[in-house]
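What follows is the residue order along each chain.
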Amino acid sequence: MKYLFLLGCSLAVSAPAWAADDEITVLATGLSEPVDQTGQAISVVDAEELASIQGPDITRVLERLPGVTLTRNGGLGSFTGVRIRGADAEQTLVLIDGARVADTSSPGSGFDFGTLLSGNVEKLELLRGSNSVIWGSDAIGGVIAVTTKASEGVEASAEYGAYDSFTGSASGGMKTGDLTLSVNGGYSRSDGFSALAADSEADGFEQWQAGGRAALDIGSGLSAFVDARYARSEAGIDFSFANDYVQTTKQASGRAGLRYASEVLDLTAAYSLADTNRAYDSASFGYAYDSRNQQAELRGKWKLAGPVAVLFGAGHVWDRYEGTFDTRQTARQANGYLLADFTSGSANFAAGVRLDHHSRFGDAWTMGANGSVGIGGGWRLRASYGEGFKAPTLYQLFGFAGNLGLEPERSQSYEAGIEKGDRGSTLHFAATVFRRDSRNLIVYDANANGGWGGYLNESQTRASGFEMEADVRPVEVLQLRAAYSYVKAANRTTGRDLYRRPRHALSLSGDWTTPLGGLVIGADTRLVGPSMDDPFGDKNLANDVRLKGHVVLTLRASLPVTEQIEVFGRVENVGDADYQAVAGYNTPGRSAYAGVRARF
């Protein structure tokens, strides 16, 4: 109850109901739409909020949003999983500038958020709930879309702090005639600390990153675009059997295509590619994995008449993986969907169906529907039903202990809520109740196949709960935010809570622009309840470990020196809380950072 009490206190602030411009998202339909024209729960974090949070750690951005919990095997750069409403981290679809960036060579084919730094991120969107009708495989827990910077002018920042850490990033862009160009780059390093609690050797991190975006207005409603990103990361990692491994991850992704917009028809045709190479090296042994995901897609919206429109799409996906001890394996997937949409005033309803044909297991049908109705005063009621699926990964099919008989994981997601405004409004409030039932979940059983182990479809889970979110600007110089989630995620066979799924998570933040020369003082508090973990992955309940709840406070400040230059600093984990998000792995202690930011 203490979590609810704190949340209630944070919301007990009156504010005028001024409205900001509608936030735009691509997650509802695959095309740009206002957030308030969907029945799905979507949050958008803009560039201004990203800059105010400070630092390279993208998890400090994500934990502000409802329904999100995080796990990390050590410090910055260590493997980081994002769980949405109690789903597995690998059941989150991740897009960077529209390209799917799953690592198809990893067992669960997920994305490691430890390799994504926030320095050159311009926008982050989060959809909570299953939505495979639009996004296909992996969209069981939700979808995260990251957009990198593409602004005009020049921006640069640099900071230094604890663990001998340095982070620098820069971006620049220009518009000449019908052509818009931008580039960005960044470097980050840290000596870090020992990832493994039982070890004392520091595990460092280093990353180089570069990217670029271009758009050309061809005319008559037609435009072209190209986006690209490359990152090379090195992270010291600790295994239970060795502490001298270095993981080198190389990621290259990009997307190119054409857009057409008219009063009757909107179309986007694109090709995207994402390569991930992971190499593990120590003094005595080394191995590597390589993966590639390619996708060709067509998405469109046909505005039939008045409030009625049809959204449609089709695509083809090619997956590939190989490793030091794994021969190259491939899979193909063709898909198509139709979605009927009705939008009139403050009312919106949509329903659709999708078919995916996978070269390894056959067909997967998914359906979804959602609606949103304005009830006056800027308030709206919304509800959504979505189905999700996740194809067996190539590693689960062909890797160590692979099983060619695996079926896709499936989910059914239900939610209903009430909302006023959006996160960019002067007053925003949202409350949502939800439930997700999942079946055919693929798990690794060490006792299968006579003790040799194997992947099996043997798990059924249910995640249910509610979320509350509030963003209030009572006066121009004060911004307050709060997000609370209660999630009960349990195995439906055993009734036990799923591992690393705390039931309670609360985030509070505030920013005050003082009258002292524009000095901004901010604070972030993250409260996470207790959970259980299985450090050996052996399903032996006697080995389960209880992860205690924790409270982490961060204090921030920024001061404009000139119109172009700003200095900033923060202290993370002010109370030096000692906790673990993954059993046996350390988390950062109290740490301070300072930096400078320039815009021209």
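Residues numbered from 1 in each chain as written. Predicted model: local features only at pLDDT ≥ 70, side-chain atom pairs only at ≥ 80, totals over all residues. Heavy atoms only, no water.

1. A closer look at the nonpolar core
Item 1. Counting 22 residues, the largest nonpolar core has F113, L124 and I144 as the members making the most contacts within it.
Item 2. Among the secondary structure elements, those contributing two or more residues to this core are α2 (47–53), α3 (59–62), β5 (80–84), β6 (92–96), β8 (121–128) and β9 (142–148).
Item 3. In terms of residue count, the dominant contributor to this core is β8 (three residues).
Item 4. In contact with I144, other than residues within four places in its own chain, are L62, V82, I84, T92, L93, V94, L95, F113, L124, E125 and L126. (Core = buried A, V, L, I, M, F, W, Y, C linked by side-chain atoms within 4.5 Å. Buried < 20%, exposed > 50% of the residue type's maximum accessible area, 1.4 Å probe, protein only. Helix = DSSP H or I, 4+ residues; strand = E, 2+ residues; numbered from the N terminus. Contact = heavy atoms within 4.5 Å.)

2. Comments concerning the environment of P560
Item 1. Tracing the backbone shows P560 in strand β31 (residues 550–560).
Item 2. In the structure, P560 is positioned 259 residues away from K301 in sequence and 45 Å away in space, judged by C-alpha atoms.
Item 3. Ignoring any residue separated from it by four or fewer positions in sequence, one finds P560 in contact with G517, G518, L519, I565 and E566.

3. A closer look at the confidence of the model for the chain
Item 1. For the chain, per-residue confidence averages 92 on the pLDDT scale, and 95% of positions sit at 70 or higher.
Item 2. Here residues 1–21 scores under 50 on pLDDT; set against residues more than four positions off or in separate chains, the count is 39 contacts. (pLDDT = per-residue confidence, 0-100.)

4. Structural notes on the side chain of S190
Item 1. Inspection of the secondary structure puts S190 in strand β12 (residues 179–193).
Item 2. With a relative accessible area of 8%, S190 lands in the buried category.
Item 3. Separated by 3.1 Å, the side chain of S190 and the backbone nitrogen of G192 make a polar contact. (Polar contact = N/O pair within 3.5 Å; in protein donor to acceptor, adjacent residues only side chain to side chain.)

5. Quick look at the pattern of salt bridges
Item 1. A complete count under the given rule lists 43 salt bridges for this structure.
Item 2. Here R278 and D103 are joined by a salt bridge, their closest N and O atoms 2.5 Å apart. One end of the pair, R278, is in strand β16 (residues 265–281); the other, D103, is in the loop between β7 (99–100) and β8, with 175 residues separating them in the sequence. In terms of burial, R278 and D103 fall into one category: buried.
Item 3. With its nearest N and O atoms 3.0 Å apart, the salt bridge here joins E297 to R299.
Item 4. Here E297 falls in the buried class, since its relative accessible area comes to 10%. (Salt bridge = Lys/Arg side-chain N within 4 Å of Asp/Glu carboxyl O.)

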